[in-house]
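Structural overview for review
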Amino acid sequence: MNKQVIVRFAPSPTGYLHIGGARTAIFNWLYAQKTGGKLVLRIEDTDVERSTEESIKGIIEGLKWLGISWDEGPYFQSQFIEDHKAAAQRLLESGHAYRCFCTKEVLEQKREEAYKKKTDVQYDGTCRKLPKEEVEKNIEKGLPFTIRLKVPEGNGAVRFSDIVYGDIEKKYRDIEDFVILRSNGQPLYVLSNAVDDIRDGITHIIRGQDGLANTPKQILIYQALGVPLPKFAHMPLTLDSKKAKISKRKHGEIVAVHFYREHGFLPWALVNFLALLGWSTVDSRQIFSKEELLDAFSLEGVNRSNSVFEIRRDDPKFFTDPKALAINSHYIKTLPLEELAPYVKIELEKAKIWDEAYETEKRDWYLQTLDLIRSRYHVTTDFITLGRAYFSDDYDLDPKALEKNVLKHEDLKEWLPLIAERLDKLDEYSLEETERVIREVAEELTVKPGVLINGIRTVVTGQAVGPGLFDVLMAIGRDRVVARLRKTPILWGQVYS
RNA sequence: GUCCCCAUCGUCUAGUCCGGUCCAGGACACAGGCCUUUCACGCCUGCGACAGGGGUUCAAAUCCCCUUGGGGACGCCA
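Residues numbered from 1 in each chain as written. Chains lettered and ligands numbered in written order. Predicted model: local features only at pLDDT ≥ 70, side-chain atom pairs only at ≥ 80, totals over all residues. Heavy atoms only, no water.

With that out of the way, let us pick up the sheet that holds strand β8 (residues 179-181). Taken together, the three strands give an open sheet; going across it, the order is β4-β5-β8, and neighbouring strands pair in antiparallel fashion. Two strands bound the open sheet, and with one partner strand each, they are β4 (97-100) and β8. Going from strand to strand, the sheet's axes swing by 45 degrees on average, the running direction of each strand aside. Here strand β5 (residues 146-149) runs beside β8; their pairing, made up of two bridges, is antiparallel. Bridging from a neighbouring strand, Ile147 pairs with Leu181 of β8. (Pairing = 2+ DSSP bridges. Helix = DSSP H or I, 4+ residues; strand = E, 2+ residues; numbered from the N terminus. Axes fitted to C-alpha atoms, helices over the stretch in contact; angles between N-to-C directions.)

Let's shift gears to the pairing of strand β6 (residues 157-162). Here β6 runs beside strand β7 (residues 166-171); their pairing, made up of six bridges, is antiparallel. Opposite Ser161, over in β7, you have Asp167 as the bridge partner. In this structure, the hairpin formed by β6 and β7 is closed by a connection of three residues.

On to the protein's contact with RNA strand B. Around RNA strand B, the structure places 66 residues, and the nearest of them are Arg182, Gly278, Lys317, Arg376 and Ile453. Take the atoms of RNA strand B that sit within 4 Å of the protein: sugar and phosphate atoms are 71% of them. Side-chain polar atom of Lys323 to a base nitrogen of RNA strand B: 2.8 Å apart, as the coordinates give it. Breaking the surface near RNA strand B down by element, the ones donating at least two residues are α4 (104-117), β7, β12 (307-308), α12 (322-334), α19 (449-461) and α20 (469-476). The biggest single contributor to the surface near RNA strand B is α12, with four residues. Its residues placed into classes, the surface near RNA strand B shows 23 nonpolar, 22 polar and 21 charged. (Near = heavy atom within 4 Å. Polar contact = N/O pair within 3.5 Å; in protein donor to acceptor, adjacent residues only side chain to side chain. Nonpolar A, V, L, I, M, F, W, Y, C, P; charged D, E, K, R; others polar.)

Right, let's get into the environment of Trp354. Along the polypeptide, Trp354 turns up in the loop between α13 (337-350) and α14 (363-373). Separated by 38 residues in the primary sequence, Trp354 and Ser392 place their C-alpha atoms 8.9 Å from one another. Filtering out sequence-adjacent residues up to four positions away, Trp354 remains in contact with Lys345, Leu348, Glu349, Glu359 and Tyr366. Here Glu356 takes part through its side chain, which lies 3.5 Å from a polar atom of the side chain of Trp354. (Contact = heavy atoms within 4.5 Å.)

The predicted model of chain A has a mean per-residue pLDDT of 92, with 99% of residues at 70 or higher. Quick note on the complex model: pTM equals 0.93, ipTM equals 0.94. (pLDDT = per-residue confidence, 0-100.)

Take the packing of aromatic side chains next. Counted under the stated rule, the structure contains 19 aromatic pairs. With a centroid separation of 6.5 Å and an interplanar angle of 65 degrees, the aromatic rings of Trp29 and Trp268 are classed as edge-to-face. Taken together, the residues span a long stretch of sequence, with Trp29 in helix α1 (residues 19-35) and Trp268 in helix α10 (residues 267-275) at a distance of 239 residues. When sorted by exposure, Trp29 lands in the same class as Trp268, which is buried. Through pairs of rings, three or more aromatic residues link up here, namely Phe259, Tyr260, Phe265, Phe273, Phe309 and Phe319. In this structure, Arg148 is placed above the aromatic ring of Tyr123, and the distance from its NZ or CZ to the ring centre is 3.6 Å. (Phe/Tyr/Trp six-rings, centres within 6.5 Å; stacked < 30°, edge-to-face > 60°. Buried < 20%, exposed > 50% of the residue type's maximum accessible area, 1.4 Å probe, protein only. Lys NZ or Arg CZ within 6 Å of the ring centre and 35° of its normal.)

What follows covers the nonpolar core. Counting residues in hydrophobic clusters, the biggest one holds 146 residues, and the most contacted among them are Ile180, Tyr366 and Leu485. Sorting elements by how many residues they give to this core places α1 first, with nine residues. Tyr366 has contacts with Ala341, Val344, Lys345, Leu348, Trp354, Tyr358 and Phe391, leaving out every residue within four places of it along the chain. (Core = buried A, V, L, I, M, F, W, Y, C linked by side-chain atoms within 4.5 Å.)

Moving on, we come to the sheet that holds strand β1 (residues 6-9). Two orientations exist for strands paired in a sheet by backbone hydrogen bonds: parallel and antiparallel. Spatially, β1-β2-β3 is the arrangement adopted by the three strands of the open sheet, whose pairing is parallel. At either margin of the open sheet sits one strand with a lone partner, and together these are β1 and β3 (72-76). Strand after strand, the sheet turns through a mean of 25 degrees between neighbouring axes, direction not considered. Looking at chain direction, β1 and strand β2 (residues 38-43) are connected through four bridges and run parallel. Bridge pairing links Phe9 to Leu41 in β2. Most of the contacts of α1 go to β1, to which it runs at about 165 degrees, and overall it touches β1 and β2.

If you want it as structure tokens, here you go:
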């Protein structure tokens with residue numbers, strides 16, 4: 001019988017959740033869900049200097065927003081420091097580790113020299129060779145010491161098979177005797193992480209490829225502690241357009257999960273996009289519902305080469321990775337309206353133009369209107385910018401549209417109010433009737449219908465582009481349409497004032 | 001400098017393990033067309049890649065070697 005899979009997401013709370021971290025969380029979550037296993041959330045907050053309460057909150061909110069649920073935790077690494085210390089003590093007693101009395105300064109100096117001479121920068125093992133008496137003396141003198149793990153000597157190597165990267169081998173002599181406990185008695189990440197993973201019963205460590213390099217060290221710790229190894233699966237990294245690792249420091253908000261939340265992304269669209277960074281199916285499918293993704297996902301489908309997250313920060317058309325946007329807009333135009341509605345509600349509320357009636361007597365109108373305008377939108381915020389005129393009388397007219405479709409035709413100053421009157425008097429305000437009247441007026445005035453149509457669209461919606469005009473007239477409704485058209489002459493006034 | 005990893009269209013990728021069906025497939029982006037009162041959507045078409053060089057083989061994107069390029073790790077950070 002196979003043991004239940006237990007994976008973990010272990011972020012350090014030193015900033016917001018970024019897309020790299022989110023992706024790691026997503027892969028862990030997918031694997032847990034897929035295998036009927038558990039996902040443990042563990043906050044690695046042992047770097048007191050940089051860890052913040054706010055960051056912890058942000059990470060948890062980010063995960064929740066994405067829809068990533070965990071089964072255990074959040075645990076906090078800082079609560080288990082005694083465990084880590086005890087483990088170091090045990091390693092010391094079992095002879096798998098030793099005290100190192102070398103001072104920071106000396107080591108720093110040696111490292112610098114090594115860099116200068118362009119040789120290996122490994123710790124030279126000075127204290128490993130220290131005779132027992134010497135050690136005793138130093139302890140008596142109260143000299144501060146760190147604890148280092150004794151890496152086996154000889155021509156052997158640490159070998160393991162990474163689920164993604166395959167067989168990896170790292171020779172013992174390429175691994176230095178690394179520090180596991182600081183001179184102030186505090187444990188280091190390599191130790192804490194391994195000890196926590198052991199305690200939490202982690203069976204699969206799924207993390208970024210940047211963790212690949214210290215996997216041999218952690219394996220050495222597992223072995224020294226005499227516990228069985230978990231399986232490892234390293235994910236390729238996400239780089240920027242210049243091929244540098246994505247980082248909060250370098251890229252700022254554009255790589256933060258909350259940035260996408262604030263810029264009109266649907267959480268599942270982001271998950272879908274992120275899942276495709278480094279993972280794919282043999283048929284290169286792009287769109288996955290949650291069920292489909294769980295069904296299709298496997299660690300074997302993860303590739304080994306790093307992928308580029310194509311930030312288009314200053315591109316007016318994209319502002320971020322075009323593919324991310326394409327996936328988001330795909331969901332905006334295809335999601336069942338009932339599912340889309342709540343996301344648009346959030347935006348309308350933020351803009352203070354939400355009407356409670358959209359959930360009661362105006363619900364049909366609300367859903368129909370979303371359906372009418374959504375094919376042009378890429379982010380949910382478009383509903384309150386480009387689509388604002390459908391929900392509020394307080395909307396701006398796009399200057400370019402105004403110039404091209406209204407101001408250019410001086411006569412519209414009289415024509416549009418005239419149309420307002422005709423629409424107002426209509427017995428039946430319908431798709432057919434409004435179209436009939438407007439075409440009739442065009443004929444009377446001997447102008448092309450397009451001039452009137454485009455003019456009306458611009459005045460009524462503030463946009464040069466949009467759905468078919470008569471649908472627009474229905475969506476906005478007679479009263480608002482008439483009122484807006486009557487005010488047309490003001491537009492000229494505004495220009496000259 | 002040392003060690004580890006990677007290498008297919010601009011980007012995400014399929015194909016690589018088990019060589020032939022690949023003069024390399026899909027998606028995004030881009031260009032053009034159809035549709036149309038506008039702009040989208042949708043549909044159609046196009047542009048566009050096996051990093052380079054050596055092997056092995058009847059046959060290589062696929063296997064081997066070298067070069068080049070890229071990334072990551074080398075902390076008493078996590």
